[in-house]
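Chain and residue survey
Listed here are the chains, written in short residue letters.
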Amino acid sequence: MQKFLKFNHFGLAVQNSLKSQQFLVSLGYKLYKDVIDSNQNVNAVLMQHQIHPDIEIISKINYEDVTPIDNILKHNSSATYHICYECSDFESLKEDFKEEKVLFKQVVNKMYSPLFEKDVSFHITDSVGLVEIIHT
């Protein structure tokens, strides 16, 4: 399983993207990329640091939009939303999870991500919560 996965980032769902960006900048992070993801009705900002993991800040474009982060933001102004890995052989990864009896259920179909300029999909697990896969 590990041979197919490479850590990419943590996803942070927030109500106030600018506040989160300012906090991360105070820790030495720099804004790498900022895009509108119309597939999910969110603004996605990738923050990078020389030694710490990348963090994707996800916020709603418009308050009334329906988004994947709605349930998290009902009770929190910010929360860790997902962990993301790049995957070079998705079919083999699914087989490995199945053989190891690890829950890996797709909850969002594969779609194009303007932030990573690649297809991504989302999966719920029984070990690390929500996982985003960047299909490489």
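Everything that follows concerns the structure shown earlier in this document.
Being a predicted model, the structure only gives us computed values, none of them experimental.

Counting through the fold element by element, P68 comes out in the loop between β4 (54-60) and α2 (70-75). Sequence separation between P68 and K105 is 37 residues, and the spatial gap between their C-alpha atoms is 16 Å. Residues in contact with P68, not counting those within four places in the same chain, are Q40, V42 and Y81.

Turning our eyes to something else, we now look at the nonpolar core. Judged by nonpolar contacts, the single largest core of 17 residues is most densely connected at I69, Y81, L115, F116 and V120. For this core, the elements supplying multiple residues, two or more each, are β3 (42-48), β5 (78-87), β7 (118-125) and β8 (130-135). The residues contacting V120, other than those within four sequence positions of it, are N109, K110, M111, S113, E132, I133, I134 and H135. Counting ten residues, the second-largest nonpolar core is a separate cluster that includes I83, C87, F97 and I133.

Here we take up the packing of aromatic side chains. According to the stated counting rule, one finds five aromatic pairs in the structure shown. Centre to centre, the rings of F90 and F104 are 6.2 Å apart; their planes meet at 50°, and the pair counts as tilted. One end of the pair, F90, is in helix α3 (residues 90-99); the other, F104, is in strand β6 (residues 104-113), with 14 residues separating them in the sequence. The structure contains a cluster of three or more aromatic residues connected by ring pairs, namely F7, F10 and Y85.

Within β5, seven of the ten residues are buried, leaving the element largely enclosed by the surrounding structure. Relative to β5, strand β1 (residues 5-14) runs antiparallel, the two being bridged by nine bridges. Its bridge partner lying in β5, V14 is registered against S78. The pairing of β5 with β8 spans five bridges and is classified as parallel.

Parameters at a glance
Residues numbered from 1 in each chain as written. Predicted model: local features only at pLDDT ≥ 70, side-chain atom pairs only at ≥ 80, totals over all residues. Heavy atoms only, no water. Helix = DSSP H or I, 4+ residues; strand = E, 2+ residues; numbered from the N terminus. Contact = heavy atoms within 4.5 Å. Core = buried A, V, L, I, M, F, W, Y, C linked by side-chain atoms within 4.5 Å. Buried < 20%, exposed > 50% of the residue type's maximum accessible area, 1.4 Å probe, protein only. Phe/Tyr/Trp six-rings, centres within 6.5 Å; stacked < 30°, edge-to-face > 60°. Pairing = 2+ DSSP bridges.

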